[in-house]
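This is what each chain is made of:
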Amino acid sequence: QVQLVESGGDLVQAGGSLRLSCAASGRIYSLNTMRWYRQAPGKQRELVGTITRLGTTNYADSVKGRFTISRDNAKNTVFLQMSSLKPEDTAVYSCNADITSSYSDYLRGYWGQGTQVTVSS
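Residues numbered from 1 in each chain as written. Predicted model: local features only at pLDDT ≥ 70, side-chain atom pairs only at ≥ 80, totals over all residues. Heavy atoms only, no water.

**Student:** Go over the environment of Ser120 with me, naming the residues and quoting the values.
**Tutor:** Mapped onto the secondary structure, Ser120 falls in strand β11 (residues 115-120). On the basis of relative accessibility, which here comes to 28%, the residue Ser120 falls in the partly exposed class. Note: C-alpha distance between Ser120 and Arg45 (75 residues apart in sequence) is 21 Å. Ser120 has contacts with Leu11, Val12, Gln13 and Ala14, leaving out every residue within four places of it along the chain. (Helix = DSSP H or I, 4+ residues; strand = E, 2+ residues; numbered from the N terminus. Buried < 20%, exposed > 50% of the residue type's maximum accessible area, 1.4 Å probe, protein only. Contact = heavy atoms within 4.5 Å.)

Below, the structure written as structure tokens:
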């Protein structure tokens, strides 16, 4: 009964900026580590970055210094701020979260449906 929904994908020019959002809803007791992934056609899905419940982040080398992950725990939402976008950033971006739905439940992984980001040269 938990859902993750991404939004904010768009067509942008190289060098531009874009902010993606991922909102979790449903029966959520604890929203823990959240992650952003991306997958381009013909390529394997790759991890873009992660953020812990308390805000510790790490990033793939390919986006370090250009992308920033943040979260709003009160709104059960994680953000991906992207700047200095390159054509190679073109992909479907998906969020993933570790969630428990009650005190007695163990962590489960959930995925959003993804949002398309296209960067033109």
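Next comes the rest of the description.
**Student:** Can you tell me about the sheet that holds strand β1 (residues 2-7), naming the residues and giving the values?
**Tutor:** Read from one edge of the open sheet, four strands run β1-β3-β8-β7, paired in antiparallel fashion. If you trace the sheet from one side to the other, it starts and ends with β1 and β7 (67-72), each paired once. Pairs of neighbouring strands in the sheet enclose a mean axial angle of 15°, with direction left out of account. (Pairing = 2+ DSSP bridges. Axes fitted to C-alpha atoms, helices over the stretch in contact; angles between N-to-C directions.)

**Student:** Break down the pairing of strand β4 (residues 30-39) for me, citing the residues and quoting the values.
**Tutor:** Among the ten residues of β4, eight are classified as buried, and the element is accordingly described as predominantly covered. Both β4 and strand β9 (residues 91-100) contribute to a ladder of eight bridges, which runs antiparallel. Bridging from a neighbouring strand, Ser30 pairs with Thr100 of β9. Pairing geometry for β4 and strand β5 (residues 46-51), over five bridges, is antiparallel. Counterpart to Arg38 in the pairing with β5 is Glu46. Linkage of β4 to β5, two consecutive antiparallel strands, is achieved through a turn of six residues, within which Gly42 is found at a positive phi near 80°.

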